[in-house]
Amino acid sequence: MKLGIVGLPNVGKSTLFNAITQAGAESANYPFCTIDPNVGVVSVPDERLNKLQELYSSKKLVPTAIEFCDIAGLVRGASKGEGLGNKFLSHIREVDSIVHVVRCFEDPNVVHVDGSVDPLRDIETINLELIFSDIEILERRVQKTQKAAKADKTLASELEFLKSILATLEDNKCVRTMEFNEDEQTFVNSLNLLTSKPVIYATNVGEDDLADDGDSNKYVKIVRDYAATEDAEVVVVCAQIEAEISELDSDEEKREFLETLGLEQSGLDKLIKSSYALLGLISYLTAGPQEVRAWTVKVGTKAPQAGGKIHSDIERGFIRAETIAFDDLVEHGTMSAAKDKGLVRLEGKDYIVKDGDVILFRFNV
């Protein structure tokens, strides 16, 4: 999974990226300090893996991972090449989902590119640039399809569909606000439009606004109201606090630090959970003496395709999946004890994998 972090200059993008990836992207109080997209891979925290490692005395623990891409600050006119414009719009096309960092804090020492804090204006500035870029792509696609439709009448419905998307964009609305059936969604995905990508709005707040999850912050409320209109996720983070957390050495220190702030989880944890929810992802687990590992699949994935994430041979030669729920395994301590209770299931090709399933695949090629 690849997430692109975007936003106006000086909203806390690179500070947040540095904190959650510890990748050391340059961060400074001026626009465009991030000239090339910085990429960092983050392990997805999963306490279930630690428990399985204890049960199996596994030599290795391998969590699943998310790739974060920090994309340089966009400004008004980016779609026309202003600032560092088009180069960075192309980077956004490569991600699965967009993390849009929005400034929701007052600080006279941190320059705002537009001179004041206004999250709705900032969101619309970014969205308009993405919309303008999509319009340019759609107009070319419509022209191409119009020419082809003269010779191939079956393209008429596709042409009308493309025009309906273009009309939405010309109304300054993102494609993700439209409703599609499954076939239409597959076609839209093939267009790779910027405004069709799912979005998480990361509201960057001051430390004092973290304890109540931004409920007392007027700017956060504005963002939440806006996000509701397009079924987007909102996560409240404090980039500065995330930076402090990233400097702590142990998980225990991080837990204690969060407790002193009255928090149950870090901004990174919230971002990851929202990403999984937004993209419809779950994790299943494999365990043994050599390693325990988490594997990420889409909700609704069947057992053979889930096994294919490990190796294509498993999908090709799938026989069955020996499956147990994580909680049942932990409760009984061993697979043999769980089997005695009838909790280990032999699932076939049509079994839909569930979050937290511990699976041993049987296959033959």
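- Looking at an unreviewed UniProt entry, one finds the protein chain named Ribosome-binding ATPase YchF and attributed to Metaclostridioides mangenotii.
- The heading Cofactor (unreviewed entry) in the UniProt record of the protein chain holds the text "Mg(2+)".
- Quoted verbatim from the Sequence similarities (unreviewed entry) field of the UniProt record, the comment on the protein chain reads "Belongs to the TRAFAC class OBG-HflX-like GTPase superfamily. OBG GTPase family. YchF/OLA1 subfamily."

## Quick word on the overall build of the protein chain
Phase 1 of the analysis: Secondary structure summary: the protein chain contains 14 helices and 12 strands in total.
Phase 2 of the analysis: Looking at the protein chain residue by residue over its 365 residues, the buried ones come to 48%.

## Here we look at the confidence of the model for the protein chain
Phase 1 of the analysis: Looking at the protein chain, pLDDT values average 87 and 89% of them are 70 or higher.
Phase 2 of the analysis: Here residues 25–35 is a poorly scored stretch, pLDDT under 50, and it has 30 contacts once near neighbours within four places are set aside; other chains count.

## Notes on the layout of surface pockets
Phase 1 of the analysis: In this structure, the largest pocket spans a volume of roughly 1200 Å³.
Phase 2 of the analysis: The wall of the largest pocket is formed by 37 residues, among which S43, V44, P45, D46 and D269 lie closest to the centre.
Phase 3 of the analysis: Contributing elements (two or more residues each) for the lining of the largest pocket: α1 (13–21), β2 (38–43), α2 (47–56), α8 (239–246), α9 (251–260), α10 (267–279) and β8 (281–287).
Phase 4 of the analysis: No other element matches α10, which puts 5 residues into the lining of the largest pocket.
Phase 5 of the analysis: Residue classes in the lining of the largest pocket are distributed as 17 nonpolar, 9 polar and 11 charged.
Phase 6 of the analysis: The space that makes up the second largest pocket amounts to roughly 820 Å³.

## Things to note about the pairing of strand β10 (residues 318–325)
Regular strands show a simple pattern: their side chains alternate between the two faces of the sheet.
Phase 1 of the analysis: Bridge count for β10 against strand β12 (residues 357–363) is 7 bridges, and the pairing is antiparallel. Bridged to A325 within β12 is D357.
Phase 2 of the analysis: With 3 bridges joining them, β10 and strand β11 (residues 345–347) adopt antiparallel strand pairing. Note that in β11 the partner of A321 across the bridge is E347.

## A look at the pattern of salt bridges
Phase 1 of the analysis: Applying the stated criterion across every chain, the model contains 24 salt bridges.
Phase 2 of the analysis: Close ionic contact of R48 with D355 constitutes a salt bridge, the shortest N to O distance being 3.2 Å. Here R48, found in helix α2, pairs with D355, found in the loop between β11 and β12; they are 307 residues apart in sequence, far enough to count as distant.
Phase 3 of the analysis: Of the residues examined, R48 reaches a relative accessible area of 18% and is grouped as buried.
Phase 4 of the analysis: Where salt bridges share partners, they join D213, D215, R224 and K270 into one cluster.

## A few points about the nonpolar core
Soluble globular proteins tend to bury their nonpolar side chains together.
Phase 1 of the analysis: Of all hydrophobic cores here, the largest spans 54 residues; its most connected members are F68, I92 and Y201.
Phase 2 of the analysis: Membership of the second largest hydrophobic core comes to 17 residues, among which are L138, V142, F187 and L193.

## So, the UniProt feature "binding site: ATP" (unreviewed entry) in the protein chain
Phase 1 of the analysis: Here the UniProt-annotated "binding site: ATP" (unreviewed entry) positions come out as N10, V11, G12, K13, S14 and T15.
Phase 2 of the analysis: Among the residues examined, V11 registers a relative accessible area of 2% and is labelled buried.
Phase 3 of the analysis: Contact partners of V11, with chain neighbours within four places excluded, come to V101, R103, F105 and N204.
Phase 4 of the analysis: Structurally, S14 can be placed in helix α1.

## Section: empty space enclosed by the protein
Phase 1 of the analysis: Inspection of the entire model under this criterion finds 1 cavity of 30 Å³ or more.
Phase 2 of the analysis: There is about 50 Å³ of room inside the largest cavity.
Phase 3 of the analysis: As for the largest cavity, its lining consists of L210, V236, V237, C238, E242, L263, Q265, S266, G267 and K270.
Phase 4 of the analysis: Put simply, the parts of the chain that give the lining of the largest cavity at least two residues each are β7 (233–237) and α10.
Phase 5 of the analysis: For the lining of the largest cavity, the per-class residue count stands at 5 nonpolar, 3 polar and 2 charged.

## Overview of a negative patch on the surface
Phase 1 of the analysis: Among the surface-exposed residues, E207, D208, E244 and E247 lie close enough to one another that they form a single negatively charged patch.
Phase 2 of the analysis: Relative to the elements of secondary structure, E244 occurs in helix α8.
Phase 3 of the analysis: Note on E244: relative accessible area 36%, which makes it partly exposed.

## What to know about the sheet that holds strand β4 (residues 65–70)
Phase 1 of the analysis: On the basis of which strands lie adjacent, the open sheet formed by 6 strands has the order β2-β4-β1-β5-β6-β7 and mixed pairing. Where the open sheet ends on each side, the last strands, each with one partner, are β2 and β7. Taken over all neighbouring pairs, the strand axes of this sheet differ in orientation by 25° on average, direction set aside.
Phase 2 of the analysis: Bridge analysis of strand β6 (residues 199–204) against β7 gives 5 bridges, and the strand direction is parallel. Opposite T203, over in β7, you have V236 as the bridge partner.

## Focus: α2
Phase 1 of the analysis: R48, L49 and L52 are the residues of α2 that are buried. Buried residues of α2 fall within an arc of 95° about the axis and therefore sit on the same side. Summarising the geometry of α2, the exposed residues directed more than 90 degrees from the buried face are E47 and E54.
Phase 2 of the analysis: Packed against the buried residues of α2 are β3 (60–62), β8, β9 (291–298), α13 (326–332) and β12.
Phase 3 of the analysis: Where α2 ends, the next residue or the one after it, S57, has phi of about 50°, a positive value.

The rules we used
- Residue positions are given per chain, counting from 1 as you read along its sequence in written order.
- Local features in this predicted model are restricted to residues of pLDDT 70 or higher, and side-chain atom pairs are both shown and tallied only at a pLDDT of 80 or more, whereas totals for entire chains, interfaces and linings draw on every residue.
- Values reported for side chains reflect all heavy atoms of the structure, with hydrogen atoms and water molecules removed beforehand.
- UniProt positions are given in the numbering used here, feature names are shortened, and annotations may be inferred rather than shown by experiment.
- The numbering of helices and of strands both runs from the N terminus, where a helix is a DSSP run of H or I of at least 4 residues and a strand a run of E of at least 2.
- Only protein chains enter the accessibility calculation, which uses a 1.4 Å probe; a residue whose area is less than 20% of its type maximum is buried, one above 50% is exposed, and one in between is partly exposed.
- Values of pLDDT, the confidence the predictor places in each residue, fall between 0 and 100.
- Any two residues having at least one pair of non-hydrogen atoms within 4.5 Å are treated as being in contact.
- Here a cavity is any set of points on a 1 Å grid over the protein atoms alone where a 1.4 Å probe fits but cannot get out, and a pocket is any open set with protein on both sides within 12 Å along at least 5 of 7 lines; a residue lines the site when it has an atom within 4 Å of a point.
- Grid points are joined across faces, edges and corners, and a volume is the space filled by probe spheres set on the points.
- Note on residue categories: nonpolar means Ala, Val, Leu, Ile, Met, Phe, Trp, Tyr, Cys or Pro, charged means Asp, Glu, Lys or Arg, and polar means any other residue, Gly included.
- Two strands qualify as a pair provided DSSP detects at least 2 bridges between them.
- Salt bridge, as used here, is a side-chain nitrogen of Lys or Arg placed within 4 Å of a carboxyl oxygen of Asp or Glu.
- Residue types Ala, Val, Leu, Ile, Met, Phe, Trp, Tyr and Cys, when buried and joined through side-chain atoms within 4.5 Å, form a set referred to as a nonpolar core.
- Like charges within 9 Å and nonpolar side chains (Val, Leu, Ile, Met, Phe, Trp, Tyr) within 5 Å are joined into patches, using only residues over 30% in relative accessible area that form no salt bridge.
- The Shrake-Rupley method, run with a 1.4 Å probe, gives the accessible areas here. Residue values count only the displayed protein chains as cover.
- Positive charges are assigned to Lys and Arg, negative charges to Asp and Glu, while His and the chain termini are left out of the count.
- Here the site of a charge means NZ on Lys, CZ on Arg, CG on Asp, or CD on Glu.
- Interaxial angles span 0 to 180 degrees and are taken between N-to-C directions of axes, which are lines fitted to C-alpha atoms, for helices over the stretch in contact.
- To obtain the arc, one takes the directions from the helix axis to the C-beta atoms.

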